[in-house]
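# Coordinate analysis (summary)
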Amino acid sequence: MGRVTTVAVALFLCSFSAVVHGGDPYLFFEWKVTYGTISPLGVPQQGILINGQFPGPEINSTTNNNIVINLFNELDEPFLLTWYGIQQRKNSWNDGTPGTMCPIMPGTNITYHFQVKDQIGSFFYYPSTAVHKASGGFGSLKIHSRDLIPVPFDPPSDDYSILIGDWFNKGHKALKKLLDSGHTLGSPDGIHINGKFAKVGDQVEPLLTMEAGKTYRYRICNVGMKTSLNFRLQGHSLKLVEIEGSHTIQNSYDSLDVHVGQCLSVLVTANQEPKDYYMVVSSRFTKKAISTVGIVHYINGNGPVSLELPPPPPESAKGIAWSVNQFRSFRWNLTASAARPNPQGSYHYGQVNITRTIKLINSASHVNGKLRYSINGVSHVDSSTPLKLAEYFGVHDKVFTYDQVKDEPPSDDRAKALMAPSVLNATFRNFVEIIFENHEKSIQSYHLDGYSFFAVAIEPGRWTPEKRKNYNLIDAVSRTTIQVYPGSWAAILTTFDNAGMWNLRSEIWQRFYLGQQLYISVLSPERSLRDEYNLPEDAQLCGIVKDLPKPPPYTM
């Protein structure tokens, strides 16, 4: 896992004091990012390792911990990690996206320093640069509740991270060349579970173990490139307890859809005959079905694993209806505490007036003969100067133009895309409604950095204001990622109360890389440390701001 130290008092470099809370414990890590040989599908290839590990080291933290990671880039390309689901309160400086940070150049290092402020739940980290994610560099990030905060289930006997995803046998450089040449990634070669693949009947080591009569927590995250997945476990039900930092009503399921970028937690009770069982992960909504299995072993169990797998959910239109109904069954646990003692349901989001509606439509088009993906007709292009730095130094007009993406999409979503850095200007503390409308034939998955949002509706067809009557305004789950089915729309509600520059992106990586993303600039008019931290003293500068004098710091 690398060197890690917990310090219960604020004893750290003063240059970090602007971005961490001094009274809470610290976790220190030193990570080296290198190449190494991996074989997720049995084919040796060059992978991206962290401290020699694939998947990377697991971060075990607790609410309000300060996390400090000194990261050395020993690759031959610029590199960044982003921290999926971590809200980075007042601190987009450490969000790890190309729009907020200068990349870590080969042979250099930077130090991430952030606090998991008022959060619990299941998350992960992964590379945000190029197509590095296709070769690894990802790992689990858990945030446990503080001891004095009640959790709505008994402590499990163990807590397992299960990272699932599609996989390509071509490395990240070959896949990047495909995208740069105007092609798609094509179909993945297989699926992995924690970096491993197996077929039914293979003689493999168990992925995890259970003891009869005990209950275990499985934290399942889809860290893949493009494929929605379904997770199931032979002979066992899955009791859903948490989605992306929110406790849920504890319904039980035979299987669960996990879309790209999404995380959830289930409780599994070892209440079957003591022997081996298959966990099964299979593709959803793809032309060709692919799957993998892993063995769950009962301690002191005997007898072979059954070769009869639990059936997958339906596909095509019936499969989409099945998946939508499952989404609608996910409900916020209103009486449970999350990171704070007060119940989650004490915030009545359904009673807040909407101040702005933003309707976003994804589309594909060709620009100069090459494939691009867009949101409302704008295909995002990264700048050599991170957008947040350009804004902070007062030179944004030399890097980007605000609001090229409008609140209403253009009438023709098939028109040629505008290629430019895409930044949406937002008003601090506004309560907004964002509609994602998908006119294409493939499923979408969107993630918003810096916030959680209430996923209030998913429906087929086109959105109109009259659809608001169908919103769940009582117990929609507060989360960070939402899927949008083909020919459908999804609606989310959130408050822009976290000042910074935040990436709203497709988690389908070829779409992200080819422009289906934007940034949301949320500026506090007060320029106060109450709302946003100053640029860290040790922050790297690049592009046109590299040699500029720093602006006056924020004050209280």
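Because the structure is a prediction, the values reported are computed rather than measured. (Residues numbered from 1 in each chain as written. Predicted model: local features only at pLDDT ≥ 70, side-chain atom pairs only at ≥ 80, totals over all residues. Heavy atoms only, no water.)

### Remarks on the confidence of the model for the chain
As a reminder, the rule being used: How sure the predictor is of each residue is captured by pLDDT, a score from 0 to 100. In what follows, a contact means two residues having at least one pair of non-hydrogen atoms within 4.5 Å.
Here the chain averages 95 in pLDDT, while 96% of its residues score no lower than 70. Confidence drops under a pLDDT of 50 for residues 1-18, and excluding neighbours within four residues, the segment shows 40 contacts in the predicted structure.

### A short note on empty space enclosed by the protein
Condition: Only protein atoms enter the 1 Å grid, on which a cavity is a set of points fitting a 1.4 Å probe that cannot get out and a pocket is an open set with protein on both sides within 12 Å along at least 5 of 7 lines, lining residues being those with an atom within 4 Å of a point. Grid points are joined across faces, edges and corners, and a volume is the space filled by probe spheres set on the points. Residue type decides the class: Asp, Glu, Lys and Arg count as charged, Ala, Val, Leu, Ile, Met, Phe, Trp, Tyr, Cys and Pro as nonpolar, and the leftover types, Gly among them, as polar.
Under the counting rule described, the total for this entry stands at 2 cavities of 30 Å³ or more. Lining of the largest cavity is provided by Ile243, Asp257, His259, Gln262, Leu264, Ser323, Gln326, Phe327, Phe330, Arg479, Gln483 and Tyr485. Taken together, the residues of the lining of the largest cavity sort by class into 5 nonpolar, 5 polar and 2 charged. Taken as a whole, the second largest cavity encloses approximately 30 Å³ of empty space. Here the lining of the second largest cavity is composed, by residue class, of 5 nonpolar, 2 polar and 2 charged.

### A closer look at the state of the cysteines
Note the cut-off: Pairs of cysteine sulfur atoms within 2.5 Å are what we label disulfides. The secondary structure listing takes helices from DSSP runs of H or I that are at least 4 residues long and strands from runs of E that are at least 2 residues long, numbered from the N terminus. Partly exposed describes any residue whose relative accessible area lies between the buried limit of under 20% and the exposed limit of over 50%, with all areas from a 1.4 Å probe on protein chains only and scaled to the type maximum.
Counting across every chain of the model gives 2 disulfides. Cysteine 102 shares a disulfide with cysteine 542; S-S distance 2.1 Å. Handedness here is read from the sign of the S-S torsion; for cysteine 102 and cysteine 542, about -95°, the answer is left-handed. On the criterion of sequence distance, the pair formed by cysteine 102 in the loop between strand 6 (81-84) and strand 7 (109-115) and cysteine 542 in the segment after strand 35 (517-523) is long-range, its members being 440 residues apart. Exposure class is identical for cysteine 102 and cysteine 542. Each is buried. For the chain, numbering the cysteines in disulfides from first to last along the sequence yields the connectivity 1-4, 2-3.

### Some details on the pattern of salt bridges
Rules: Whenever Lys or Arg places a side-chain nitrogen within 4 Å of a carboxyl oxygen from Asp or Glu, that contact is recorded as a salt bridge.
For the structure shown, the criterion picks out 24 salt bridges. The shortest N-O distance in the salt bridge between lysine 359 and glutamate 437 comes to 3.6 Å. A residue pair is termed long-range when its members are at least 10 positions apart, and lysine 359 in strand 22 (residues 356-367) and glutamate 437 in strand 28 (residues 431-438) qualify at 78 residues.

### Observations concerning the layout of surface pockets
Here the largest pocket is characterised by a volume of approximately 990 Å³. Lining of the largest pocket is provided by 36 residues; of these, Gln87, Arg89, Asp118, Ser452 and Asp497 occupy positions nearest its centre. Taken together, the elements giving at least two residues each to the lining of the largest pocket come down to strand 30 (453-460) and strand 33 (488-495). Sort the elements by how many residues they give to the lining of the largest pocket and strand 33 lands first, with 3 residues. Taken together, the residues of the lining of the largest pocket sort by class into 13 nonpolar, 13 polar and 10 charged.

### Quick word on the environment of asparagine 91
Note the following rule: Any N or O atom pair separated by 3.5 Å or less is treated as a polar contact, with the protein-specific requirement of one donor-capable and one acceptor-capable atom, and with residues adjacent in sequence counted only for side-chain atom pairs.
Within the secondary structure layout, asparagine 91 lies in the loop between strand 6 and strand 7. Given the relative accessible area of 2%, asparagine 91 is considered buried. Separated by 407 residues in the primary sequence, asparagine 91 and asparagine 498 have C-alpha atoms spaced 8.5 Å apart. Within the structure, asparagine 91 has its side chain in polar contact with the backbone oxygen of histidine 113 (distance 3.4 Å).

### As for the side chain of histidine 113
When you line up the elements, histidine 113 lands in strand 7. What makes histidine 113 buried here is its relative accessible area of 1%. Side-chain polar atoms of histidine 113 contact the side chain of aspartate 538, separated by 3.3 Å.

### A word on helix 2 (residues 316-329)
Note the cut-off: To estimate the expected span of a helix, subtract one from its residue number and multiply by 1.5 Å. Comment: arc refers to directions from the helix axis out to C-beta atoms.
For helix 2, spanning 14 residues, the distance from its first C-alpha to its last is 20 Å, which sits close to the expected 20 Å at 1.5 Å a residue. Turning to helix 2, its buried residues number three or more, namely Gly319, Ser323, Val324, Gln326 and Phe327. Angular distribution of buried residues about the axis of helix 2 spans 160°; they occupy a single face of the element. Helix 2 presents Ala317 and Lys318 as exposed residues on the side facing more than 90 degrees away from its buried surface. Tucked inside the fold, the buried residues of helix 2 contact strand 17 (252-253), strand 18 (255-258), strand 20 (276-284), strand 30, strand 31 (478-479) and strand 32 (481-484).

### Thoughts on the pairing of strand 3 (residues 45-50)
How we decide: Pairing between strands is defined by DSSP: at least two bridges between the two strands are required.
Among the 6 residues of strand 3, 5 are classified as buried, and the element is accordingly described as predominantly covered. Here strand 2 (residues 26-38) runs beside strand 3; their pairing, made up of 6 bridges, is antiparallel. Bridge pairing in strand 3 links threonine 34 to leucine 49.

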